[in-house]
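Structural features, examined
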Amino acid sequence: MKVAITGVTGNMGIQVLKELLKIDQIELLKLLVFQKEKRIKEIKKICKGQMHRIELVYGELNRRDVCDKLVADVDYVIGLAAVIPPHSDQHPQKAIDCNEKGVSCLVSAIEALPKQPKYIHISTVALYGNRNSKHMWARVGDPLLISPFDIYSLTKMRGEFRVLESNIQYKAVLRQTAMLHSNMLSDNMNDGLMFHTCFNAPLEWATAEDSGLLIANIIKADIENETYLKEKFWNKCFNIGGGLVNCVTGYDVLNDGFEIIGGTVKHFFDPNFNAIRNFHGVWFYDSKDLDDLFHYQRQSTADFWAQFKREHGILKAGKIVPKKLIKKLAIERLCKDPNSPRYWRNHNDEARMLAYFNGTDKFDAISKKWSDFPLINEGKDEQGNPIDYAQLKNRETAPMIDLGYNPDKPIGYEELAKIAEMHGGRLISKKGGLYDKLEWENSDGQRFIARGYTVVCGHWWNPSYTSYCWDFDRLAKKDAIYAQIWYDSHDENEDLFYYLDENFVAQYRKIK
């Protein structure tokens, strides 16, 4: 048994490698790497005594010759590679080359093989876009409303579409939720990215260790009972989550991190440090589906932070440092970073002010006093109205999106036609099923080809699939599926077209 892996030097990739090394049936692991020094040393350390089972393939994912070499003569390909925030914000072309073009190149290499390996593609929760207290829960099938200027989610959406539409015989798309990992601190203290996290955003976490275990359990299960997984797993899309115990808010997770140094979010942040919309996070109504199959959900957020404290004991010394000093030297300095809202405000980046706050005036109106800022985990919704946080976390009674069909029943032609109708379009093909390539028409009258299952997974053709733009203010006015989520955090009278120019600078214009 031979397995190829992309993205092995990432936080999840390292854990996948550790778990796959435990599977005796795997004789060779082919690892795509382009960092010839830094984390390759870590790979060699992890594989000490087992390097005879390792083949390093050097090169970029968007090179066909590299992909051909990687996937040749393997049984499984695990696609983990991604350029993620903040690197995708800083280097958008790299995100395009990896998340979009690289995935397409890898898929083409697999498609060309006479004996295709099975492909596991890691996608992302970011495709669901911004959520708040009105719809905290999502499932596969919810609309993919990628947040304006998030080049990461846009390129990941295009990459996922390519996978679902591919001619790979056995493939699976797994949308990874927010991930807890050992590099959490270093990854969040060098950039303004953490200020993008809305305090009231729903976040379902999974640890890198559990996610690595999931991939290994999939491979083991397929080796042991290929027929069973052919029906239950392959050619489907799933959400990777950590379960109900790991469903928190943006405020909660920041608070858990600051508890290590004896403080809270309120000690180190002002309410107007962070965005109030345009993030990406959600609780997964269906994350149990993967756990029922592969039994990987072991660690809670409490388990993670306990482990984090043991591994980073020096952080406890922060308890003796005055909290105001930590706020000034560690947090407020990041407000000057070009990726932070405060920087956008001070440098008149009105495009991002509109996307993340609905304008500079809304940002300026945010109180600096926590007593005036509504938090849903303290019993107030975003408008300050009373709300039952415990009830919000009950997924059995959670309000779900009306997709035009019953997701608990078989989906046929009539259900597919209803999805198109709710999107303000129509299904052109006169017959066909879930895995047939069908012709559709969107609300702009534009026709496109997509499998029924691709549309069931939330994909619906719009300008984001061909341009680096976000046109949901306009589209939501005639798309009943988009409107159910978009208007949770946007006014119906907003009429902006967001886009990145040829230099990837954030821009907007009024819709005519």
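Residues numbered from 1 in each chain as written. Predicted model: local features only at pLDDT ≥ 70, side-chain atom pairs only at ≥ 80, totals over all residues. Heavy atoms only, no water.

Once that is clear, we can look at the overall build of the chain. Broken down by element type, the chain carries 22 helices and 18 strands. Over its C-alpha atoms the chain spans a radius of gyration of 22 Å, differing by no more than 12% from the 24 Å that the globule rule assigns to 512 residues. Dimensions of the chain along its principal axes, counting C-alpha atoms only, are 65 × 60 × 45 Å. Residues counted as buried form 59% of the 512 residues belonging to the chain. Considering only intrachain contacts with a sequence separation of at least 6, the fraction spanning at least 24 residues in the chain is 74%. Total accessible area on the chain stands at roughly 21,500 Å², and carbon and sulfur atoms take up 50% of it. If the 68 positive side-chain charges of the chain are averaged to one point and the 69 negative ones to another, these points end up 4 Å apart. (Helix = DSSP H or I, 4+ residues; strand = E, 2+ residues; numbered from the N terminus. Rg over C-alpha atoms; globule rule 2.2 N^0.38 Å. Buried < 20%, exposed > 50% of the residue type's maximum accessible area, 1.4 Å probe, protein only. Contact = heavy atoms within 4.5 Å. Areas by Shrake-Rupley, 256 points an atom, 1.4 Å probe, with all protein chains shown as cover. Lys, Arg positive; Asp, Glu negative; His and termini not counted. Charge placed at Lys NZ, Arg CZ, Asp CG, Glu CD.)

What follows concerns the sheet that holds strand β13 (residues 426–427). One open sheet holds the 3 strands; their spatial order is β13-β14-β15, and the pairing between them is antiparallel. What marks the edges here is a single partner per strand, and that holds for β13 and β15 (447–451). The pairing of β13 with strand β14 (residues 437–441) spans 2 bridges and is classified as antiparallel. Looking at the pairing, arginine 426 lines up with glutamate 441 of β14. (Pairing = 2+ DSSP bridges.)

With that settled, consider the sheet that holds strand β18 (residues 506–510). Reading across the sheet, the 3 strands line up as β16-β17-β18 and stay open at both edges, with antiparallel pairing between neighbours. Here the strands that pair on one side only, and so sit at the sheet edges, are β16 (469–470) and β18. Bridge analysis of β16 against strand β17 (residues 496–500) gives 2 bridges, and the strand direction is antiparallel. Of the residues in β17, the one forming a bridge with tryptophan 470 is tyrosine 498.

Two numbers describe a pair of aromatic rings. These are the distance of the centres and the angle of the planes. Evaluation of the coordinates by the stated rule reveals 37 aromatic pairs. Centroid distance phenylalanine 199 to phenylalanine 373: 5.9 Å. Interplanar angle 85°. Geometry classified as edge-to-face. Of the two residues, phenylalanine 199 sits in the loop between α7 (184–188) and β9 (202–207) while phenylalanine 373 sits in the loop between α17 (360–364) and α18 (389–392), which places them 174 residues apart along the sequence. Overall, the relative accessible area of 2% leaves phenylalanine 199 in the buried class. Measuring from ring centre to ring centre gives 4.6 Å for tryptophan 344 and tyrosine 356, while their planes differ by 45°; the resulting arrangement is tilted. Residue tryptophan 344 is found in helix α15 (residues 341–346), and its partner tyrosine 356 is found in helix α16 (residues 350–357); the two are separated by 12 residues along the sequence. Neither residue differs from the other here; tryptophan 344 and tyrosine 356 are each classed as buried. (Phe/Tyr/Trp six-rings, centres within 6.5 Å; stacked < 30°, edge-to-face > 60°.)

Right, let's talk about the pairing of strand β7 (residues 171–176) for a bit. For β7, a buried count of 6 out of 6 residues is recorded, marking the element as mostly surrounded by other parts of the structure. Burial of the side chains of β7 extends over both faces: Lys171, Val173 and Arg175 are buried on one face and Ala172, Leu174 and Gln176 on the other. Note: strand β5 (residues 118–124) against β7, 6 bridges, orientation parallel. Its bridge partner being in β7, histidine 121 is matched across the sheet by valine 173. With 5 bridges connecting them, β7 and strand β10 (residues 236–240) associate as parallel partners. Within β10, the position partnered with alanine 172 by the bridge is lysine 236.

Let us look at the pattern of salt bridges. All chains considered together, the criterion is met by 28 salt bridges. Ionic pairing is found between lysine 510 and aspartate 495, a salt bridge with its closest N-O pair at 3.5 Å. Of this pair, lysine 510 sits in strand β18 while aspartate 495 sits in the loop between α22 (480–489) and β17, and the two are 15 residues apart along the sequence. A cluster of three or more residues bridged by salt bridges with shared partners is formed by Arg426, Glu439, Glu441 and Arg447. (Salt bridge = Lys/Arg side-chain N within 4 Å of Asp/Glu carboxyl O.)

This next bit is on the side chain of threonine 207. Relative to the assigned elements, threonine 207 resides in strand β9. We classify threonine 207 as buried; its relative accessible area is 1%. Within polar-contact distance, the side chain of threonine 207 engages the backbone nitrogen of aspartate 210 at 3.0 Å. In this structure the side chain of threonine 207 is engaged in a polar contact, spanning 2.5 Å, whose partner is the side chain of glutamine 299. Beyond its immediate chain neighbours, meaning those up to four positions away, threonine 207 contacts Met179, Leu180, Gln299 and Phe304. (Polar contact = N/O pair within 3.5 Å; in protein donor to acceptor, adjacent residues only side chain to side chain.)

The analysis is restricted to geometry; functional conclusions fall outside its scope.
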